[in-house]
Every structure is written in structure tokens, then in C-alpha cells.
Amino acid sequence: MLSCCFPFFPDKFDKTMAVKDEEAWLQMLKETDRQNKMDLFKNAPDYVKESRTCVLAMVINEGLALKFAAPALREDKEVVLCAVRQDSRSLIYAGGGLNYDPECLKASGLWDEVEQQYSRSEKAILSVQFTPRAIMFALIFKNDCFLKDFEVCNPSHWCDPDFRFHLQQSKDTLGFMVQLEETQGLSESQENETQMAMEAGLKIFRTSMDHPYDVVRLSKRVRTWYDSECANNDLEEIR
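First, a word on what this report is: a plain description of the structure on this page. All of these numbers come straight from a predicted model, not from anything done at the bench.

Time to look at the overall build of the protein. The helix and strand tally for the protein stands at 12 helices and 5 strands. Counting only contacts in the protein whose residues sit at least 6 apart along the sequence, the fraction spanning at least 24 positions is 65%. Surface accessibility of the protein: about 12,900 Å² in total, with carbon and sulfur atoms responsible for 50%.

A word on the sheet that holds strand 2 (residues 151–153). The 5 strands lie next to each other as 2-1-3-4-5, forming an open sheet whose pairing is parallel. Sheet topology places strand 2 and strand 5 (236–238) at the edges, where each strand pairs with a single neighbour. Strand-to-strand twist of the sheet, defined as the mean angle between neighbouring strand axes without regard to direction, takes the value 25°. Where strand 3 (residues 176–180) and strand 4 (residues 203–207) come together, 5 bridges link them in parallel fashion.

A few words on empty space enclosed by the protein. Picture a little ball the size of a water molecule; that probe, rolled over the atoms, points out where space is still empty. For the coordinates displayed, the defined rule picks out 1 cavity of 30 Å³ or more. Within this model, the largest cavity holds a volume of roughly 30 Å³. If you trace the largest cavity, you find it lined by Val128, Gln129, Phe130, Thr131, Ala134, Ile135, Asn154, Ser156 and His157. Looking at side-chain class alone, the lining of the largest cavity contains 4 nonpolar, 5 polar and no charged residues.

On to the pattern of salt bridges. This model, assessed by the stated rule, comprises 16 salt bridges. As a salt-bridge pair, Lys142 and Asp112 come within 2.8 Å of each other at their nearest N and O atoms. Highlighted residues: Lys142 in helix 9 (residues 132–143) and Asp112 in the loop between helix 8 (102–108) and strand 1 (123–127), separated in sequence by 30 residues. In this structure Asp112 comes out as partly exposed when scored by relative accessible area, which is 27%. In this structure, Glu237 engages Arg206 in a salt bridge whose closest nitrogen and oxygen atoms are separated by 3.2 Å. With Glu237 in strand 5 and Arg206 in strand 4, this pair connects stretches of sequence that are 31 residues apart. Accessibility expressed as a relative area gives 11% for Arg206, which makes it buried.

What counts and how
Per chain, the residues get numbers from 1 upward, laid out in the order the sequence is written. In keeping with the model being predicted, local features are shown solely for residues with a pLDDT of at least 70 and side-chain atom pairs are shown and tallied solely at 80 or more, while totals for entire chains, interfaces and linings include all residues. To obtain the side-chain values, all non-hydrogen atoms of the structure were used and water was disregarded. Starting at the N terminus, helices and strands are each numbered in turn, a helix being any DSSP run of H or I of at least four residues and a strand any DSSP run of E of at least two. Any two residues whose heavy atoms approach within 4.5 Å are treated as being in contact. Only the protein chains shown count as cover for residues, and all accessible areas are computed by the Shrake-Rupley method using a 1.4 Å probe. Whether two strands pair comes down to DSSP finding at least two bridges between them. Axis geometry follows a simple rule: fit a line to the C-alpha atoms, using only the stretch in contact for helices, then measure angles between N-to-C directions, giving values from 0 to 180 degrees. For each structure, a 1 Å grid was placed over the protein atoms alone; sets of points admitting a 1.4 Å probe that cannot get out are labelled cavities, open sets with protein on both sides within 12 Å along at least five of seven lines are labelled pockets, and lining residues have an atom within 4 Å of a point. Grid points are joined across faces, edges and corners, and a volume is the space filled by probe spheres set on the points. Charged residues are taken to be Asp, Glu, Lys and Arg, nonpolar residues to be Ala, Val, Leu, Ile, Met, Phe, Trp, Tyr, Cys and Pro, and polar residues to be all remaining types, Gly included. Basic side-chain nitrogens of Lys or Arg form a salt bridge, by our definition, when they fall within 4 Å of a carboxyl oxygen of Asp or Glu. The rule is simple: take the accessible area with a 1.4 Å probe, protein chains only, and divide by the maximum for that residue type; under 20% is buried, over 50% is exposed, in between is partly exposed.

Written out as C-alpha cells, the structure reads:
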């Protein structure tokens, strides 16, 4: 009857609470199936989440586990680099400004290791929030067979972006803006960016990317717009 007074945890998690040293926990991590490693770390005692050795061992397996690491370790560049190399989306959990660090951005794949040459002269700009979905969207976008030919500015990767400046660059080069709408809708800053783009007369494509194929649909719509010689400058919703 006494057990009914406490929440149920799988045996692995019960053992976690009894671990008294890092080596024992690391051994437990090694023995845990990959699909259960995240829960193991999430439910681990504080000393595990504050241990650089344990956190490094964890993020090498599951980069998104950075979310549950102690704040000081989320500001540790080596830890963050290991996390983003395993899963680019973990960059949103980096602290201490490391989510704007060039080396971390390159490790995540969001920035190129070397300067790229683009076959199109038009420039695009993204209007996104800094979320896991936005990171995946940016990565898929830059690898699309058509969209990769455009130089793209993603202001969410800059500490102090001048959105209006980059927006004007897109307008001056006959480029476009792509806006990613999250499940909860547009943020206040995205609403402002929409207004600025409309005032500047910049073409806007808006998508929610509920499925990776949505980027393919976006790519086709952008190509169609250019094939029409940019005839319709109205906002286009891609669902």
C-alpha cells in the first residue's frame, strides 16, 4: 500500500536516485537503451547534471539533453559543441551567448564552414523564432536543390540583427522573405517583420512546416513566382 503514495518510475530511474558516484551513473547510461537515455538523464540527481563528465557523455548520445544540464554547463563551449554536432536543434538551449557563437553555428550546420558562392543574385531573408522547428527549417531550406542557390539572411542567428537593413537588401535584389509560423502562431516580432516587409513591397511566403515536404512545396512556389517574373507580390500562405 505504501508504494501507492509515490509516483511510479521504471527500475532504471529508481536506480538513478540511489547512485552515489559518477562512474556508477555513467555505467548505467552505457547500459540504457538509446530511447531511454533522455529520461534517464532528465530524472538524474543534480550532481549528474552538474558533472561535466556526465553531461558530455550524455550530449554525445542525445544533443537535446543539453536542455536539462546545469546552467553553467550550458555555457560551456565544449559541451555545447558536442551537443549541436549530435543534434543541431540543441543550440537553442546554449547559454552565455553561445547560440550566437560562429563556431557553434558552424558545428550545427546553420553556418557554412567556408564562404559560399551563390548562383542567384536575389537575396532571401527569414522571419523565424529561435526554436527547434526553426533550426530544422533553416537546415532543410539551405539544402533544397533550388533554394540553396539563394543567399539567405537568418537574423535569429545574430546577437543584434538589423532586420530592416537585410530586408531592404532582399528588396533591392528582387528577393523575398520566408516566414515560419510556429504552432502558437506568429510572434510579436514576426508581426512587425510582416508589416515592414509589406511596407517595403517585399514578397512574403509563409509556411508552418508541419512536414519536411512543406519546404519542397515552398521551393516550388518560389520557383513559380520567379517563372512568372514576380507578377504577384501578395503574401502567399503555403499549407
